[in-house]
Structures are given as C-alpha cells and as structure tokens.
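The lines below spell out each chain.
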Amino acid sequence: MGELQLSDSLFPSGMFAHSNGLEYMINSKAISDAGGLYDVIEGVILQQVGPLDCAALGSTYSFIKDGDYPGIAETDRLVHCSKLVAGQRDASARSGAQAARCVAEFAKDDTLDRYVSDIGGGVHGAYPVAFALCCNALGVQKERAAVMLLYGYASGSVSAALRMGLIDHVEGQGMIHRLKPAICSATKELNSTMWQFSPRMDIMQMLHEKTDSKMFIT
C-alpha cells in the first residue's frame, strides 16, 4: 500500500511545481509539438533520471540493507553535486526534505528519522535518496520504488506540458504509455554507478532560472 500513497498526486512533496526546464523550452518554441515533447522526456529519463536518480535510489537501498548510514549520506552528497543547475539542486533538496519529513511523521523508521534530523546539516535531502528512504520505511521494494521514481518524472513532465497547453489530456496519457519502455530500460541503472549527461536540458534549465516571469520553479 505504501506505493499507492507515495504515488498519489496529493502527496505533499511539491513536485507539481516543477517543469524541469520544459516551461522555457515550450515558451521559446524549442518544443512546439507532442513529438518534440516526447523526445525530450525520453532523453531525460535515459540520460539523467535513470542513470543518476535511479542509480542513487538503488545505492541507498543497498546502504539501508547494510546498515551503512555514512554511505547514504555520501550518496546524498554525490547526487547534490551531480545536479549541475542550481535550481535543480535546490528543487531536489527541497522536495526530498519535504517528502522525508512527511513520511517520518507517520512511518516509524530509525534510518529515515536520522536522515530527517540531519537535513540542513549532514545531508541535503536529495530527492532520490529521500524517496528511497521513504519507500523503504513504507515497505516498498527497491524495483517498485525505481518504477515509481521514473514514472513520477514522466507524469510530472507531461502534466506540466498539459498545464501549458502544449498537449491535451488524451495526448498526455498516450505519451505516458509510450514512455513505459524507456522507464523499464532506465530501471536497469538501479545497480549502476551514478552518472548523467544531458547538456541541452542543463542549458534550458539555466535559461529558465533567468526568466523574470514563470509558472514553474524549474
């Protein structure tokens, strides 16, 4: 049941406030149709969210199993350092901290409690690390947690494009369906070394930060 609660759009992690650079791309016409949107989301899943966030989630689960809290803290630091755009780093930490604090209020778990107490001190609250700790505390298996993480990015990006008027609801659901093979492929990064390489999105996210008026934080 834990996966149902964490996957609920009402869960207060604040992820709905982020477009991950899509707002700038849509407004600047770098993306002008559903095909372009699909290509961007798929690319980020395979080049950023899978190899960095999903790999970090897998590492966190391994460190939880081994009782290695310093390993969890180091994974948090590495994720934070690997997010090259300041807005993305801050968004990851803010959403991760919010999710961890929320789950710690109703799910008793010593490792999660220690992590929450260290946020702002020993750890940043990097979202994939916090999400792994939340999922573990709620009894969600690692592989299921990885799918939830990746699906969350895909559905959040589609939702942002929907709110900006680029696609309609039917197109959005069709796109999420088409993204399922990419999500499944990205779960293979669970046991891999963390990496990410998506320079176009990094640049778009940097440009978004400089925009005076915007609907989304990132």
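Residues numbered from 1 in each chain as written. Predicted model: local features only at pLDDT ≥ 70, side-chain atom pairs only at ≥ 80, totals over all residues. Heavy atoms only, no water.

Per an unreviewed UniProt entry, the recorded name for the protein chain is Urease accessory protein, and the organism is Cenarchaeum symbiosum.

Tallied over the full model, the rule gives one aromatic pair. Over the face of the ring belonging to Y38 we find R178, whose NZ or CZ atom lies 3.9 Å from the ring centre. (Phe/Tyr/Trp six-rings, centres within 6.5 Å; stacked < 30°, edge-to-face > 60°. Lys NZ or Arg CZ within 6 Å of the ring centre and 35° of its normal.)

The N-to-C vectors of helix 3 (residues 34-66) and helix 8 (residues 142-163) enclose an angle of 150°; their axes lie 10 Å apart at closest approach. Considered as vectors, helix 3 and helix 8 are oriented roughly antiparallel to each other. Two packed elements cross with a definite hand, and for helix 3 against helix 8 that hand is right-handed. Note on element contacts: helix 8 touches helix 3 through K142, A145, A146, L149, L150, Y153, A154, S157, V158 and A161, opposite L37, I41, V44, I45, V49, G50, D53, C54, L57, G58 and Y61. (Axes fitted to C-alpha atoms, helices over the stretch in contact; angles between N-to-C directions. Helix = DSSP H or I, 4+ residues; strand = E, 2+ residues; numbered from the N terminus. Parallel < 35°, antiparallel > 145°, perpendicular 65-115°, else oblique. Left-handed = near helix turned anticlockwise from the far one by under 90°. Contact = heavy atoms within 4.5 Å.)

Those residues of helix 6 (residues 110-118) lying buried are L112, Y115 and V116. Mapping the buried residues of helix 6 onto a view down its axis gives an arc of 100°, with all of them on the same face. In helix 6, those exposed residues whose orientation departs by more than 90 degrees from the buried face are D110 and S117. Against the buried residues of helix 6 lie helix 4 (69-82), helix 5 (86-106) and helix 7 (127-137). Between the side-chain oxygen at the start of helix 6 and the backbone nitrogen of T111 there is a gap of 3.2 Å, and the oxygen is on D109. (Buried < 20%, exposed > 50% of the residue type's maximum accessible area, 1.4 Å probe, protein only. Arc of directions from axis to C-beta. Polar contact = N/O pair within 3.5 Å; in protein donor to acceptor, adjacent residues only side chain to side chain.)

Within the largest apolar cluster, 66 residues are counted, with the highest numbers of intra-cluster contacts made by L37, I45, L57 and Y115. Not counting the four nearest positions on each side in its chain, I45 is found in contact with G50, P51, L150, Y153, A154, L179, A182, I183 and A186. (Core = buried A, V, L, I, M, F, W, Y, C linked by side-chain atoms within 4.5 Å.)

So, on to the pattern of salt bridges. Where charged atoms from two side chains of opposite charge come close, those side chains can pair. Evaluated as defined, the whole model comprises four salt bridges. Among the ionic pairs, R77 bridges to E74, the shortest N-O distance being 2.6 Å. Of this pair, R77 and E74 both sit in helix 4, three residues apart, which is roughly one turn of the helix. Its salt-bridge partner being D113, residue K108 comes within 3.0 Å of it at the nearest N-O pair. (Salt bridge = Lys/Arg side-chain N within 4 Å of Asp/Glu carboxyl O.)

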